[in-house]
Amino acid sequence: MIVNERITTYIHSLESDNPEYLEKLRATAEKTGVPIIRREMESFLRVLLEIKKPKHILEIGTGTAFSAIFMASCSKAHITTIEKSPKRLKLAGSNILKNGLADRITLIEGDAGSAMPFLAGPYEFVFMDAAKGQYISFLPEIIRLMPKGGLLLSDNVLQDGDLIESRYITARRQRTIHERMREYIWEVKHNPALDTTVITIGDGVTLSIKK
Ligand code: SAM
């Protein structure tokens, strides 16, 4: 946890409940151990979408579509979301249908790295929430797909704070993910096409704007 637990609990206590269908989706995901955006990310996303008012959103990492359905609830955008796990795709498809959002959310099956070259965009808002070790390889396509002024929000970039732990106390697989994520953060901070801020909300996010 990168933010003091008591502060996080306090912030959560200030949040209003979502509509019942979203609370149900969150409860099911939490019960079945499916990862979804943290509660404090919801209001952050909502405010960003209210400011940006995107017409087209690209999400990388659908999961069971909680975040896509959430973004549909607080924007007028069409959402294109990519998921590679067949099991999650099935659940996501059924959640999208059940909530009557088939005309608002396009679900793309497959690896984001293979799917993005076939997309034309532009997407004024991109939400990246997939395999953490792959963010760096997705970046060139994401930049191509965003117009000038487009926003890229990347979730979980600080890896619960483990990112800055000594490499000697980190398991090898985690070490590789951390190295790639540090590389990603460095890249979004230094890429001439982007202006980026690192924010210690949830598990850490970066928010980048295309210049
Ligand atoms: N955004 C979702 C939400 O809050 O409801 C949660 C997404 S979950 C944290 C990450 C998802 O990304 C997983 O379901 C995983 O299968 C998917 N994923 C990981 N790597 C991917 C890739 N290369 N292409 C597409 N999906 C990927």
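Here, every reference points to the structure presented above.
So, here's what we can say about the structure.

Cut-off values and rules
Residues numbered from 1 in each chain as written. Predicted model: local features only at pLDDT ≥ 70, side-chain atom pairs only at ≥ 80, totals over all residues. Heavy atoms only, no water. Pairing = 2+ DSSP bridges. Helix = DSSP H or I, 4+ residues; strand = E, 2+ residues; numbered from the N terminus. Axes fitted to C-alpha atoms, helices over the stretch in contact; angles between N-to-C directions. Contact = heavy atoms within 4.5 Å. Expected span 1.5 Å × (residues − 1). Buried < 20%, exposed > 50% of the residue type's maximum accessible area, 1.4 Å probe, protein only. Arc of directions from axis to C-beta. Phe/Tyr/Trp six-rings, centres within 6.5 Å; stacked < 30°, edge-to-face > 60°. Near = heavy atom within 4 Å. Polar contact = N/O pair within 3.5 Å; in protein donor to acceptor, adjacent residues only side chain to side chain. Areas by Shrake-Rupley, 256 points an atom, 1.4 Å probe, with all protein chains shown as cover. Parallel < 35°, antiparallel > 145°, perpendicular 65-115°, else oblique. Left-handed = near helix turned anticlockwise from the far one by under 90°. Nonpolar A, V, L, I, M, F, W, Y, C, P; charged D, E, K, R; others polar. Core = buried A, V, L, I, M, F, W, Y, C linked by side-chain atoms within 4.5 Å.

### Some words on the sheet that holds strand β5 (residues 151-154)
Next, step 1: Strand order in the open sheet formed by seven strands is β3-β2-β1-β4-β5-β7-β6, with mixed pairing between adjacent strands. Lying at the two open borders of the sheet, with one neighbouring strand each, are β3 (105-109) and β6 (194-199). Strand-to-strand twist in this sheet, taken as the mean axis angle between neighbours without regard to direction, amounts to 15°.
Next, step 2: Taken together, the six bridges between β6 and strand β7 (residues 205-210) define a ladder with antiparallel strand orientation. Looking at β7, one finds that Asp195 is bridged to Ile209.
Next, step 3: The sheet contacts of helix α5 (residues 86-98) involve β2 (78-83) and β3, and relative to β3 the element is tilted by about 165°.

### Concerning helix α2 (residues 20-32)
Next, step 1: Compared with an ideal rise of 1.5 Å per residue, which puts 13 residues at 18 Å, α2 spans 18 Å between its outermost C-alpha atoms and is within 8% of the ideal.
Next, step 2: Among all positions of α2, only Leu22, Glu23, Leu25, Arg26 and Ala29 are buried. Here the buried residues of α2 occupy an arc of 160° about the axis, which is enough to place them on one side. Residues of α2 that are exposed and point more than 90 degrees away from the buried face comprise Glu20, Lys24, Lys31 and Thr32.
Next, step 3: For α2, the secondary structure elements touched by its buried residues are α3 (39-52), α4 (66-73) and α5.
Next, step 4: Remark: Gly33 follows α2 within two positions and exhibits a positive phi of approximately 75°.

### Examining the packing of aromatic side chains
Next, step 1: By the definition in use, this model includes two aromatic pairs.
Next, step 2: Here Phe66 and Phe70 contribute two aromatic rings whose centre-to-centre distance is 6.3 Å and whose plane-to-plane angle is 20°, an arrangement assigned as stacked. Of the two residues, Phe66 and Phe70 both sit in helix α4, four residues apart, roughly one turn of that helix.
Next, step 3: Overall, the relative accessible area of 1% leaves Phe66 in the buried class.
Next, step 4: Looking at Phe70, the relative accessible area reads 1%, which means it is buried.
Next, step 5: Ring plane angle 75° and centroid distance 5.4 Å describe the contact between Tyr135 and Tyr184, whose orientation is recorded as edge-to-face.

### Here we look at the site of the ligand
Next, step 1: Residues in close proximity to the ligand total 22 residues, the closest being Ser67, Glu83, Asp111, Ala112 and Asp129.
Next, step 2: Note that a nitrogen atom of the ligand is positioned 2.9 Å from one of the backbone N or O atoms of Gly61.
Next, step 3: Between the ligand and the protein, one listed contact pairs an oxygen atom with a side-chain N or O atom of Glu83 at 2.5 Å.
Next, step 4: Protein chains bury 93% of the 600 Å² of accessible surface belonging to the ligand in isolation.

### Focus on the packing of α3 against α4
Next, step 1: Remark: α3 packs on α4, axes separated minimally by 10 Å, with the N-to-C direction vectors making an angle of 45°. Classified by the angle their axes make, α3 and α4 are oblique. When the axes of α3 and α4 are compared, the crossing they make is right-handed. Between α3 and α4, the contacting residues are Glu42, Leu45, Arg46 and Leu49 on the first element and Phe66, Phe70 and Met71 on the second.
Next, step 2: The residue makeup of the contact of α3 with α4, split by class, is five nonpolar, no polar and two charged.

### Observations concerning the nonpolar core
Next, step 1: Grouped together as the largest cluster of nonpolar side chains are 33 residues, with contacts concentrated most on Met41, Phe44, Ile69, Met71, Ile105, Phe125 and Leu153.
Next, step 2: Mapped onto this core, the elements with two or more residues apiece are α2, α3, α4, α5, β4 (125-128), β5 and β7.
Next, step 3: Here this core gets six residues from one element, more than from any other, and that element is α4.
Next, step 4: Those residues in contact with Ile105 that sit more than four places away from it in its chain are Ala68, Ile69, Ala72, His78, Ile79, Thr81 and Ile96.
Next, step 5: Counting 27 residues, the second largest nonpolar core, distinct from the first, contains Tyr135, Leu152, Leu158 and Met181.

### Describing the pairing of β7
Next, step 1: Within β7, five of the six residues are buried, which leaves it mostly tucked inside the rest of the structure.
Next, step 2: Bridge analysis of β5 against β7 gives four bridges, and the strand direction is antiparallel. If you follow Leu151 over to β7, its bridge partner there is Ile209.
Next, step 3: Linking β6 to β7, which pair antiparallel, is a turn of five residues; within it Gly202 sits at a positive phi near 55°.

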